[in-house]
Amino acid sequence: MTNQFLWVIFPYVCMAVFVVGHIFRYRHDQFGWTAKSSEFIEKKQLMIGSLLFHIGIIPVILGHISGLGIPKEWTRALGVSDHMYHMGAVWGGGFFGVVTLAGMVILTARRFTHRNVRKLSSASDLIVNTLLLFIVFIGVYASLITNNITPGFDYRDSISVWFRSLLIFRPEAGYMAAAPWTFKLHILTGFLIFAMWPFTRLVHVWSVPLNYAGRSYILYRRSPVKKHRR
C-alpha cells in the first residue's frame, strides 16, 4: 500500500495540483504572477549564483528528459553502448549537477544571510530555496556517489520504466522497489516542488517576454526648455 501511494497516487496528485494550481492562479492572481526582484539590494551574489544555476540546470533538465523518457533500446540502436551512456550520464550529468548546486548554494545563502534580502523574502521563498537546494544536492549525491557504490543498479531498468508507465497511465510501482533511497528521495522531493510551484515565485519561469521582440519602440523626446522672462 505504501509503494502504491508513493509511486502512483502521490505523483499523480502533485501533477494535478501543478496543472490546476497554475490555471487557478493565472485566472485569479495575474498581478502576483511575478518574482519580486532583489537585484537592487544585492547584485554580485545574485549574478554569480544565477549564472551558475542556469548554466547547470538546462543540461540537467535535458539529461533527465533523455534518461527517463528514452528507452535503453533506442540509444543502443543509435550506436550508444550502455557503458558509454552510463559514463556520460554519471560524469557529464554530475558535472552540470555540481555547477547547479554551486549556484543554488550561493542563492540560498544570499537569501538567508543577507538581512535586507531576507526581509524582502516571503516564507514560501525561503522554503522553495531550501527545497531546491536539497533536491539538487541529493540528485548530485545519487549521480556521483550512489551510482558508484551500488554495482549492478541501472536506473534505466527501473526508475525510467516506472516513469514512462506513469506517462501512459499504466503505473507500475513495483519498478521502484529496488531503487536506492537517494533516488527515491530525489524523485519524491521533485514531485513535491511541482505541487508547490503554482503557489510560489517559481511561476515567473513561464513569463517569457516574447512580445519584446515585436513591440514598437518607445520614443522619448526632450521637453523644450522654457526661457524665463526677467
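About the thresholds
- Residues numbered from 1 in each chain as written.
- Predicted model: local features only at pLDDT ≥ 70, side-chain atom pairs only at ≥ 80, totals over all residues.
- Heavy atoms only, no water.
- Helix = DSSP H or I, 4+ residues; strand = E, 2+ residues; numbered from the N terminus.
- Contact = heavy atoms within 4.5 Å.
- Areas by Shrake-Rupley, 256 points an atom, 1.4 Å probe, with all protein chains shown as cover.
- Phe/Tyr/Trp six-rings, centres within 6.5 Å; stacked < 30°, edge-to-face > 60°.
- Buried < 20%, exposed > 50% of the residue type's maximum accessible area, 1.4 Å probe, protein only.
- 1 Å grid on protein atoms, 1.4 Å probe; cavity = no way out; pocket = protein on both sides within 12 Å on 5 of 7 lines; lining within 4 Å.
- Points joined across faces, edges and corners; volume = space filled by probe spheres on them.
- Axes fitted to C-alpha atoms, helices over the stretch in contact; angles between N-to-C directions.
- Parallel < 35°, antiparallel > 145°, perpendicular 65-115°, else oblique.
- Nonpolar A, V, L, I, M, F, W, Y, C, P; charged D, E, K, R; others polar.
- Salt bridge = Lys/Arg side-chain N within 4 Å of Asp/Glu carboxyl O.
- Core = buried A, V, L, I, M, F, W, Y, C linked by side-chain atoms within 4.5 Å.
- UniProt positions renumbered as here; feature names shortened; annotations may be inferred.

Draft legend 1. Fine view of the overall build of the chain. Helix and strand counts for the chain come out as eight helices and zero strands. Tracing the chain from N to C terminus, the helices and strands come up as α-α-α-α-α-α-α-α. By sequence separation, contacts in the chain at least 24 residues apart represent 81% of the contacts at least 6 residues apart. On the chain, roughly 15,400 Å² of surface is accessible, and the fraction owed to carbon and sulfur atoms is 68%.

Draft legend 2. Inspection of the packing of aromatic side chains at higher detail. Evaluated as defined, the whole model comprises 11 aromatic pairs. Judged by centre distance (5.7 Å) and plane angle (85°), the ring pair of Trp 7 and Trp 162 falls under edge-to-face. Placement of Trp 7 in helix α1 (residues 2-28) and of Trp 162 in helix α7 (residues 159-167) is noted, with a sequence separation of 155 residues between them. Accessibility expressed as a relative area gives 2% for Trp 7, which makes it buried. Since its relative accessible area comes to 1%, Trp 162 is described here as buried. Ring centres of Phe 18 and Trp 197 lie 5.8 Å apart, and the angle between their planes is 90°; on these two criteria the pair is classed as edge-to-face.

Draft legend 3. Layout of the layout of surface pockets. In this model, the second largest pocket occupies a volume close to 150 Å³. In terms of residue count, the dominant contributor to the lining of the second largest pocket is helix α4 (residues 82-113) (six residues).

Draft legend 4. A look at the side chain of Asn 129. Tracing the backbone through its elements, the reader meets Asn 129 in helix α6 (residues 123-149). For Asn 129, a relative accessible area of 10% gives the class buried.

Draft legend 5. Structural detail: the packing of α1 against helix α8 (residues 181-196). Contact geometry for α1 and α8: axes closest at 7 Å, N-to-C directions at 25°. Here α8 runs roughly parallel to α1, going by the angle between their axes. Contact residues: Leu 6, Trp 7, Phe 10, Pro 11, Cys 14, Met 15, Val 17 and Phe 18 in α1; Lys 184, Ile 187, Leu 188, Phe 191, Leu 192, Phe 194 and Ala 195 in α8. Here the residues of the contact of α1 with α8 are counted per class, giving 14 nonpolar, no polar and one charged.

Draft legend 6. Molecular detail of the pattern of salt bridges. A complete count under the given rule lists five salt bridges for this structure. Here Arg 201 makes a salt bridge to Asp 125, at a shortest N to O gap of 2.8 Å. With Arg 201 in the segment after α8 and Asp 125 in helix α6, this pair connects stretches of sequence that are 76 residues apart. Both residues of the pair, Arg 201 and Asp 125, count as buried. Overlapping salt bridges, with partners in common, bring together Lys 72, Asp 154 and Asp 157 in one network.

Draft legend 7. Structural detail: the nonpolar core. Counting 20 residues, the largest nonpolar core has Trp 7, Ile 159, Trp 162, Met 176, Ile 187 and Phe 191 as the members making the most contacts within it. Among the elements of the structure, α1, α7 and α8 are those that each provide at least two residues to this core. At five residues, the largest contribution of residues to this core is made by α8. If we skip the residues at most four places from it in the chain, Ile 159 touches Leu 68, Phe 153, Met 176, Ala 179, Phe 183 and Ile 187.

Draft legend 8. Representation of the UniProt feature "transmembrane region" (unreviewed entry) in the chain. Here the UniProt-annotated "transmembrane region" (unreviewed entry) positions come out as residues 6-25, 46-65, 85-106, 126-145 and 173-197. In residues 6-25, the share of helix is 100% and the share of strand is 0%. The end C-alpha atoms are 27 Å apart. A distance of 31 Å separates the end C-alpha atoms of residues 85-106, which is 100% helix and 0% strand.

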